[in-house]
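# Chain and residue survey
Residues per chain are reported as follows:
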Amino acid sequence: MGVEMSVRQLEMFSAVVDHGSITEAARALIVSPGAVSLAISQLEASLGVQVAIRTRGRGVQVTAAGRDVYEHAREIAESLQEIRKVAAATRGGLTGALRLGLFTTLSPWLFPPLAEHFDRSFPDVDLQLVEGGSAELQDQLAEGRLDAALLYENHVSTPLETRRLAAVRLQLALAAAHPLAAYDAVPLAALRDEDAVLLAMRPASDHVEEILRVAGMTPRVRWRSTNVETIRSLVARGLGYTIIMGRPYGDLTYEGMPVVYRPIADDLPANALVLVTPKGGRPTAKLRELAAFCDEAFGEDVEPGVPTSRMGRLS
């Protein structure tokens, strides 16, 4: 039986061509010249052709067949280097891509501090932002196209590793002149005859409408939008109420009009901000750093309402 061709033989042959001699190739690969010479002999035995002519004092001359083999060997050697880099990053290096998904309405609060943290502390990490609905982000996690995502707990519908960061609660948003704005807390039943402007993203929209149905009412939805700022601007003009999680500092719309937020008096289903990763995945150094920062910046022990607390306006 002939000698089997190996990736290592191709890597060594590629290095010999690149460096012009067995000695220099051995130095670059940190092996002995004898190991390189043996690898080339084994490669030739496997292929049944001569790829290089070794002449004492004149180095190595690559044959025509060797040139053809080299083109493919170089591609394999380069791919092998990339695989080694990926493996190094997975084992513990804070380098390379970190693909992070964020539910669209969470992104304005959570991604900027994350981007700043990795940009300043770990510049070799390529933090990539993917915004979208909860279902599509979970699909991308399952398909390996995302490394992690920040979602609401009651949106998670597929088997994922879930790290709970902080409890959150829906709020009612109203125009400043709305009569219900005078309440300390508003019962949902008081909205029965009011128009609603709701988020047009599932499952968030489904959860809100289910909460209203449990309270004994069917919402009079006048408009739906996937853009939270459009919703807030409509609310500020007195064109309807909305039930929403996020509350920007300043409570003003793009137009500078005020929006008033009030707690909902009814009991609501528990919900939380969660960091999710694929089920059974091995945590890398990048994911461990992501989780640690999320705990510190967005976790339960962050004091609500303090400007540096990104979660204080979501609960």
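This one's a predicted model, so the numbers in the text were calculated from it and none came from an experiment.

Analysis parameters
Residues numbered from 1 in each chain as written. Predicted model: local features only at pLDDT ≥ 70, side-chain atom pairs only at ≥ 80, totals over all residues. Heavy atoms only, no water. Phe/Tyr/Trp six-rings, centres within 6.5 Å; stacked < 30°, edge-to-face > 60°. Helix = DSSP H or I, 4+ residues; strand = E, 2+ residues; numbered from the N terminus. Buried < 20%, exposed > 50% of the residue type's maximum accessible area, 1.4 Å probe, protein only. Contact = heavy atoms within 4.5 Å. Salt bridge = Lys/Arg side-chain N within 4 Å of Asp/Glu carboxyl O. pLDDT = per-residue confidence, 0-100. Core = buried A, V, L, I, M, F, W, Y, C linked by side-chain atoms within 4.5 Å. Axes fitted to C-alpha atoms, helices over the stretch in contact; angles between N-to-C directions. Parallel < 35°, antiparallel > 145°, perpendicular 65-115°, else oblique. Left-handed = near helix turned anticlockwise from the far one by under 90°. Nonpolar A, V, L, I, M, F, W, Y, C, P; charged D, E, K, R; others polar.

### Focus on the packing of aromatic side chains
The tally for this structure, following the rule as stated, stands at three aromatic pairs. Where Phe103 meets Tyr152, the ring centres are 6.0 Å apart and the plane angle is 70 degrees; that geometry is what we call edge-to-face. Of this pair, Phe103 sits in strand β3 (residues 96–103) while Tyr152 is found in strand β5 (residues 148–152), placing the two residues 49 residues apart along the sequence. Residue Phe103 shares its accessibility class with Tyr152, and that shared class is buried. Relative to Phe298, the ring of Phe293 lies with its centre 6.1 Å away and its plane at 90 degrees, an arrangement referred to as edge-to-face. For the pair shown, Phe293 and Phe298 are each scored as buried.

### Section: the environment of Leu10
Structurally, Leu10 can be placed in helix α1 (residues 7–19). Its relative accessible area of 9% is what places Leu10 among the buried residues. Considered as a pair, Leu10 and Glu75 are 65 residues apart in the sequence and their alpha carbons are 9.7 Å apart. Look past the residues within four positions of Leu10 in its chain and what remains in contact with it is Met5, Leu43, Val69, Ala73 and Ile76.

### So, the pattern of salt bridges
Scanning all chains against the criterion turns up 13 salt bridges. In this structure, Arg224 engages Glu209 in a salt bridge whose closest nitrogen and oxygen atoms are separated by 2.7 Å. Of this pair, Arg224 sits in strand β9 (residues 220–225) while Glu209 sits in helix α7 (residues 204–214), placing them 15 residues apart in sequence. Ionic pairing is found between Asp251 and Arg247, a salt bridge with its closest N-O pair at 2.9 Å.

### Some points on the confidence of the model for the protein chain
Taken as a whole, the protein chain shows an average pLDDT of 85; of its residues, 90% reach a score of 70 or greater. Of all helices and strands in the protein chain, the one with the weakest mean pLDDT is helix α4 (residues 64–91) (76), whereas β5 scores best (95). When the criterion is pLDDT under 50, residues 302–312 qualifies, and its contacts beyond four places in sequence or with other chains add up to 20 contacts.

### Some words on the nonpolar core
Ranked by size, the top nonpolar core spans 66 residues in total, and within it Leu114, Leu150, Tyr241, Ile243 and Leu290 carry the most contacts. Looking at this core element by element, the count peaks at seven residues for helix α9 (residues 285–298). In this structure, Tyr241 is in contact with Leu172, Ala173, Leu174, Leu191, Glu194, Asp195, Ala196, Val197, Leu212, Met217, Pro219 and Val235, ignoring residues within four places of it in sequence. Met12, Ala26, Tyr70 and Ala73 belong to the second largest nonpolar core, which has 19 residues in total.

### Focus: the packing of α1 against helix α2 (residues 22–29)
Between α1 and α2, whose axes approach to 8 Å, the crossing angle comes to 120 degrees. If you check the angle between α1 and α2, you find them oblique. The handedness of the crossing between α1 and α2 is right-handed. In this structure, α1 contributes Arg8, Glu11, Met12, Ala15, Val16 and His19 to the contact, and α2 contributes Ile22, Glu24, Ala25, Ala28 and Leu29. Its residues assigned to classes, the contact of α1 with α2 comprises seven nonpolar, one polar and three charged.

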